[in-house]
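# Tertiary structure, described
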Amino acid sequence: MALNSPRTRRTAFWLLLLGLVVWDLRHSAPLNVWREPPLLAAGSGQAPSGGHCSSPK
Amino acid sequence: MKRLPLAAALAAFFFLLLWFVAVRQAALFVVGLGMGATLAGARFGFTTGWRNLVEQRDPQGVVGQLLLLGLAASLSMPLLGWFPELQAALGPPSVSLLVGAFVFGLSMQIADGCGSGTLYKAGMGVPLNMGILPLFALGSFLGSAHIHGWLALGQVQPVGLVDHFGVGPALAGTWLALLAVGLGVRWFAGWHKPWLSARWVWGAAALAVLAALNLVLAGNPWGVVYGFGLWAAKVATAVGLFDPAANPFWSQPGNTQRLAQTLLLDVTSITSIGILGGALWVAAGKPAEVHKPLSAQQWAVGLVAGLVMGYSSRLAFGCNVGAMLSGISTGSVHGWIWLPMAFAGTLVGLRVRRRFGF
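None of the values given here were measured: they were computed from a predicted structure. (Residues numbered from 1 in each chain as written. Chains lettered and ligands numbered in written order. Predicted model: local features only at pLDDT ≥ 70, side-chain atom pairs only at ≥ 80, totals over all residues. Heavy atoms only, no water.)

### Quick word on the overall build of chain A
Definition in use: By definition, any uninterrupted DSSP run of H or I lasting at least four residues is a helix, any uninterrupted run of E lasting at least two residues is a strand, and each is numbered from the N terminus. Put simply, the radius of gyration uses C-alpha atoms, and a globule should come to 2.2 Å times the residue count raised to 0.38. We call a residue buried when its accessible area falls under 20% of the maximum for its residue type, exposed when it is over 50%, and partly exposed in between, using a 1.4 Å probe and counting protein chains only. Here the Shrake-Rupley method, with its probe set to 1.4 Å, supplies the accessible areas, and only the displayed protein chains count as covering residues.
When you go through chain A residue by residue, the secondary structure sums to 1 helix and 0 strands. For 57 residues, the compact-globule estimate of 2.2 N^0.38 gives 10 Å, and the C-alpha radius of gyration of chain A, at 18 Å, exceeds that figure by more than 25%. By the burial criterion, 32% of the 57 residues in chain A qualify as buried. Summing over all exposed atoms, chain A offers an accessible surface of approximately 3900 Å²; the carbon and sulfur share of this is 62%.

### Describing the nonpolar core
The cut-off we apply is this: Think of a nonpolar core as a cluster: buried Ala, Val, Leu, Ile, Met, Phe, Trp, Tyr and Cys residues, connected wherever their side-chain atoms sit within 4.5 Å. Every residue pair with non-hydrogen atoms within 4.5 Å of one another is taken to be in contact.
One finds Phe44(B), Trp222(B), Trp250(B) and Trp338(B) to be the most contacted residues of the largest nonpolar core, which totals 103 residues. Sequence-distant contacts of Trp222(B), defined by excluding residues within four places in its chain, comprise His52(A), Met35(B), Leu39(B), Ser116(B), Leu207(B), Ala211(B), Asn214(B), Ile275(B), Val321(B), Gly322(B), Leu325(B) and Ser326(B). Counting 14 residues, the second-largest nonpolar core is a separate cluster that includes Met77(B), Leu79(B), Ala170(B) and Val216(B).

### Things to note about the interface of chain A and chain B
It is common to give the size of an interface as the accessible area that goes away when the parts come together. Keep this limit in mind: Summed over both partners, the accessible area (1.4 Å probe) lost when two parts come together is defined as the buried area. Basic side-chain nitrogens of Lys or Arg form a salt bridge, by our definition, when they fall within 4 Å of a carboxyl oxygen of Asp or Glu. Definition of a polar contact: a pair of N or O atoms within 3.5 Å, with one able to donate and the other able to accept a hydrogen when the atoms are protein atoms, and with sequence-neighbouring residues admitted only if both atoms are side-chain atoms.
With 35 residues of chain A at the contact, the number on the chain B side is 64 residues. Across the chain A to chain B interface the summed buried area is about 4000 Å²; carbon plus sulfur atoms make up 68%. Counting the surface chain A buries against chain B, the share from its top three residues, Arg10(A), His52(A) and Cys53(A), is 16%. Linking chain A with chain B are 1 salt bridge. Between Asp24(A) and Lys234(B) there is a salt bridge whose closest N-O contact spans 2.7 Å. The interface formed by chain A and chain B contains 20 residue pairs in polar contact (both at pLDDT 80 or more).

### Notes on the packing of helix α5 (residues 95-111) of chain B against helix α14 (residues 296-315) of chain B
Residues and elements named next belong to chain B. Put simply, the test is: The convention used is that axes are lines fitted to C-alpha atoms, helices contributing only their stretch in contact, and that angles between N-to-C directions extend from 0 to 180 degrees. An angle below 35 degrees is read as roughly parallel, one above 145 as roughly antiparallel, one from 65 to 115 as roughly perpendicular, and any other as oblique. Each helix crossing is assigned a hand: it is left-handed if the near helix lies turned anticlockwise from the far helix by less than a right angle, otherwise right-handed if that turn is clockwise. Polar here means any residue outside two lists: the nonpolar Ala, Val, Leu, Ile, Met, Phe, Trp, Tyr, Cys and Pro, and the charged Asp, Glu, Lys and Arg; Gly therefore counts as polar.
Between α5 and α14, the least distance of the axes is 8 Å, while the angle of their chain directions is 155 degrees. By the criterion of interaxial angle, the relationship of α5 to α14 is roughly antiparallel. Between α5 and α14 lies a crossing of left-handed hand. Side by side, α5 and α14 meet where Ser96, Leu97, Gly100, Val103, Phe104, Ser107, Met108, Ile110 and Ala111 of the first sit next to Val301, Gly302, Ala305, Gly306, Val308, Met309, Ser312, Ser313 and Leu315 of the second. For the contact of α5 with α14, the residue count by class is 11 nonpolar, 7 polar and no charged.

### Some details on the side chain of Arg186(B)
Residues and elements named next belong to chain B. This is how the line gets drawn: Positive charge is attributed to Lys and Arg, negative charge to Asp and Glu, and no charge count is given to His or to the chain ends.
Mapping arginine 186 onto the fold places it in helix α9 (residues 167-189). Lacking a salt bridge, the buried arginine 186 has aspartate 58 as its closest oppositely charged neighbour, with an N-O distance of 7.4 Å. Look past the residues within four positions of arginine 186 in its chain and what remains in contact with it is Pro59, Trp191, His192, Lys193, Pro194 and Trp195.

### Points about empty space enclosed by the protein
Short version of the rule: Both cavities and pockets are sets of points on a 1 Å grid over the protein atoms alone; in a cavity a 1.4 Å probe fits but cannot get out, in a pocket the set is open with protein on both sides within 12 Å along at least five of seven lines, and lining residues sit with an atom within 4 Å of a point. Grid points are joined across faces, edges and corners, and a volume is the space filled by probe spheres set on the points.
If you walk through the whole model with that rule in mind, you get 2 cavities of 30 Å³ or more. One number sums up the size of the largest cavity: a volume of about 40 Å³. What lines the largest cavity is simply Ser76(B), Ala211(B), Leu215(B), Pro221(B), Trp222(B), Leu325(B), Ser326(B), Ser329(B) and Thr330(B). Among the elements that take part in the lining of the largest cavity, helix α15 (residues 320-329) of chain B stands out by supplying 3 residues, more than any other. Within this model, the second largest cavity holds a volume of roughly 40 Å³. Lining the second largest cavity, in full, are Gly51(A), His52(A), Asn214(B), Asn220(B), Pro221(B), Trp222(B), Gly223(B), Val267(B), Thr268(B) and Thr271(B). For the lining of the second largest cavity, the element with the highest residue contribution is helix α13 (residues 267-284) of chain B, accounting for 3 residues. Looking at the lining of the second largest cavity residue by residue, the class counts come to 3 nonpolar, 7 polar and no charged.

Structure (structure tokens):
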């Protein structure tokens, strides 16, 4: 498999993304499935927990 | 890659999210997969649609985008009226927005992809877009870290049409404005040109439904750019190059919390990973595309454009998805300011693009 072949580049890209996810899991607060957000934000009565690019803060 | 093992890998990631992270995140991953498959399957490119209108007077892409905006508004605005906990994509009209949208429209033509375009093309294996993605993330992070300085140049409070006028008038006004833009596009392109092709229609319909699902599940409209910035901010913080506590944006409670928790809990990150996966799945079922090799200069210009695009997307309070689609479809005035400014930037970007032989 040539180093600059499309397949190599695509594999490297996905390995990099997978590496980011694994690294992030190891360096982030532990997951607690008992405190997971509601399945549907609509009707939950809770403010959304996610960030959005339109928000200035 | 064959589709069957890829589908198995995507299903495994879905169950991992379902079991270890949150049901909502698993559902949002599926929404992202649908977005990626639609963007790639319909080749629903915002950047290409604008370019085709200007260079070939082909209105199909832009009319398809206007249809998407109208359909998404028809679904999202009533949802905002029924469920007060859902948030519109409200960005502040500001100097930052004017500058950011113009520069974003310029750079996206050189980089040949906006936020969603970069994602789905990277997922399909387009070399330049795969290279741009990390730089887009870095630019988005830098833009967010500087956003308070840009806002100090002048801003007014965000304006939401649904809050101000109610769902019916906001939706009617949005449709009328979209119709006016559509007629202007038709006049510019010439009345004899075909309006739409099937791929733009089904792409618009599918994306509108998926964007509404994103809103119902996440509580926020569909966005791309925030997640990119979060990824880079996490890395910069971990390696000691950045102190979020000393930054006005990243020290906000919500951002501090998202920096501490895994990106698998971030709604924007998970839909973006889904988009990459959905686009890869579409590409896996087709013969490998041959891309024209780029010169070293074209690579350098394209990568710099990707960095600038990331930075300016934060100044503009979103890209074609976060500001234009989500902004306009949820009644944010900033989306209506973003659109003409980004289009003006595109007119310059097309000349730069030609100058470097893309």
